[in-house]
Amino acid sequence: MSSIQSNHPASPLIRIENLCKSYSLQDANGKTITNQVLFDINLTINPGEFVAIMGHSGSGKSTLMNILGCLDTPTSGSFWLSGKNVAVLSSDELARIRNQNIGFVFQGFNLLKRMTALDNVAIPLLYAGISRSNSRKQALEFLRRTGLESFAMHQPNQLSGGQQQRVAISRALINHPPLILADEPTGNLDTHTSREIMLLFQQLNRDEGITIVLVTHENDIAAYAKRLIRLKDGYIIVDKNNAAETNLHEAV
Ligand SMILES: Nc1ncnc2c1ncn2[C@@H]1O[C@H](COP(=O)(O)OP(=O)(O)O)[C@@H](O)[C@H]1O
Ligand SMILES: [Mg+2]
């Protein structure tokens, strides 16, 4: 397909048009049943935005995040990431786009248990072919930025939940992605630690212009974002500016 067809004329960071997603499952009799999870999603996210996606369990938040992260594909509709039509990319190109454009943060931290914090953060650079010593040097710099420099040689089980999430955020940042996708990043953390992690996201957004899309079902957490999107049964039912955004400077 030509680049004219595969590139969207205006290039926001994320552009989604008329996107639907269905899963096909086999029932007990081997009959295929289709479960539609996302319905006619239209969404534009520009560089520098901080978006919270809210909704009850099962409303399609993670499904949408997996599509945004190029970990899953839509059933119909279009998705452009940084102006590129994701549907026409080869799996190598997709892997490269993911590696260069997106930092992932998950509820369960997803750290490798037998590795130090330093090596967990260095992993994306090692995958990109950078030497171990150079990767570790850069990883230490990112641990410093999230306040964890002195924990570099600790393994995940020697760190608190909040510290483990900081390691995961450092790992997400190390390739300088313009976009961070975080699916319930505070879901396993207590209120105080959740607040610290949200302040860190807010700082990364405000001071470094990193675009953040974060899933939560908690109002207190969503309050740190500049824009709120609410999903209900697979439909976007609210998309608005967050006038009552919790202010970093007031909250500290
Ligand atoms: N891989 C899958 N196969 C089949 N159904 C799925 C799959 N992933 C999610 N679903 C279904 O899609 C719906 C939305 O799930 P999900 O996006 O995880 O919701 P949320 O993150 O808002 O809790 C649920 O009904 C869930 O069972
Ligand atoms: Mg989910």
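Residues numbered from 1 in each chain as written. Chains lettered and ligands numbered in written order. Predicted model: local features only at pLDDT ≥ 70, side-chain atom pairs only at ≥ 80, totals over all residues. Heavy atoms only, no water.

Asks: I keep staring at the overall build of the chain and nothing clicks. Help me out?
Replies: On a plain count of helices and strands, the chain comes out with nine helices and ten strands. Each principal axis of the C-alpha distribution contributes one length, and for the chain these read about 50 × 45 × 40 Å. Residues classed as buried in the chain amount to 48% of the 252 residues present. Long-range contacts, defined here as pairs at least 24 residues apart, represent 70% of the contacts in the chain between residues at least 6 apart. As displayed, the chain offers around 12,500 Å² of accessible surface, 48% of which is attributable to carbon and sulfur atoms. Within the chain, the 22 negative side-chain charges are centred at a point lying 4 Å from the centre of the 23 positive side-chain charges. (Helix = DSSP H or I, 4+ residues; strand = E, 2+ residues; numbered from the N terminus. Buried < 20%, exposed > 50% of the residue type's maximum accessible area, 1.4 Å probe, protein only. Contact = heavy atoms within 4.5 Å. Areas by Shrake-Rupley, 256 points an atom, 1.4 Å probe, with all protein chains shown as cover. Lys, Arg positive; Asp, Glu negative; His and termini not counted. Charge placed at Lys NZ, Arg CZ, Asp CG, Glu CD.)

Asks: I'm lost on the pairing of strand E9 (residues 227-232) in this one. Help?
Replies: It is a general feature of regular strands that their side chains alternate between the two faces of the sheet. Two strands pair when backbone bridges link them, and strand E3 (residues 50-54) and E9 are joined in this way by four bridges, in the parallel orientation. Bridge pairing in E9 places Met54 opposite Arg230. Looking at chain direction, E9 and strand E10 (residues 235-241) are connected through six bridges and run antiparallel. If you follow Ile229 over to E10, its bridge partner there is Asp239. Here E9 folds back onto E10 in antiparallel fashion, the turn holding two residues, of which Asp233 has a positive phi close to 45°. (Pairing = 2+ DSSP bridges.)

Asks: Teacher, can you tell me more about the pattern of salt bridges here?
Replies: Pairing between side chains becomes possible if they bear opposite charge and their charged atoms approach one another. Counted under the stated rule, the structure contains nine salt bridges. Here Glu17 ties to Arg15 by a salt bridge, and the two come within 3.1 Å at their closest N and O atoms. Within the structure, one salt-bridge network assembled from shared partners comprises Glu49, Arg227 and Asp239. (Salt bridge = Lys/Arg side-chain N within 4 Å of Asp/Glu carboxyl O.)

Asks: Would you mind showing me how to read the environment of Glu218 here?
Replies: Among the secondary structure elements, Glu218 is positioned in the loop between strand E8 (211-215) and helix H8 (219-222). Residue classification places Glu218 among the partly exposed residues on the basis of a relative accessible area of 35%. Here the alpha-carbon distance between Glu218 and Thr186, two residues 32 residues apart in the chain, equals 9.5 Å. Apart from the residues lying within four places of it in its own chain, the contact partners of Glu218 are Met54 and Thr186.

Asks: How do you make sense of the nonpolar core when you look at a structure like this?
Replies: For soluble globular proteins, the rule of thumb is that nonpolar side chains tend to be buried together. Of all hydrophobic cores here, the largest spans 40 residues; its most connected members are Phe50, Leu143, Val167, Ile169, Ile180, Phe201 and Leu214. Secondary-structure elements contributing two or more residues to this core are E3, helix H4 (117-127), helix H5 (132-145), helix H6 (161-173), strand E7 (179-183), helix H7 (191-208), E8 and H8. Here this core takes six residues from H7, the largest share from any one element. When residues no more than four places from it in sequence are discounted, the contact partners of Leu143 are Ala117, Leu118, Val121, Leu148, Glu149, Ala152, Val167 and Ser170. By size, the runner-up hydrophobic cluster in this structure holds 30 residues, among which are Ile14, Ile41, Ile67 and Val86. (Core = buried A, V, L, I, M, F, W, Y, C linked by side-chain atoms within 4.5 Å.)

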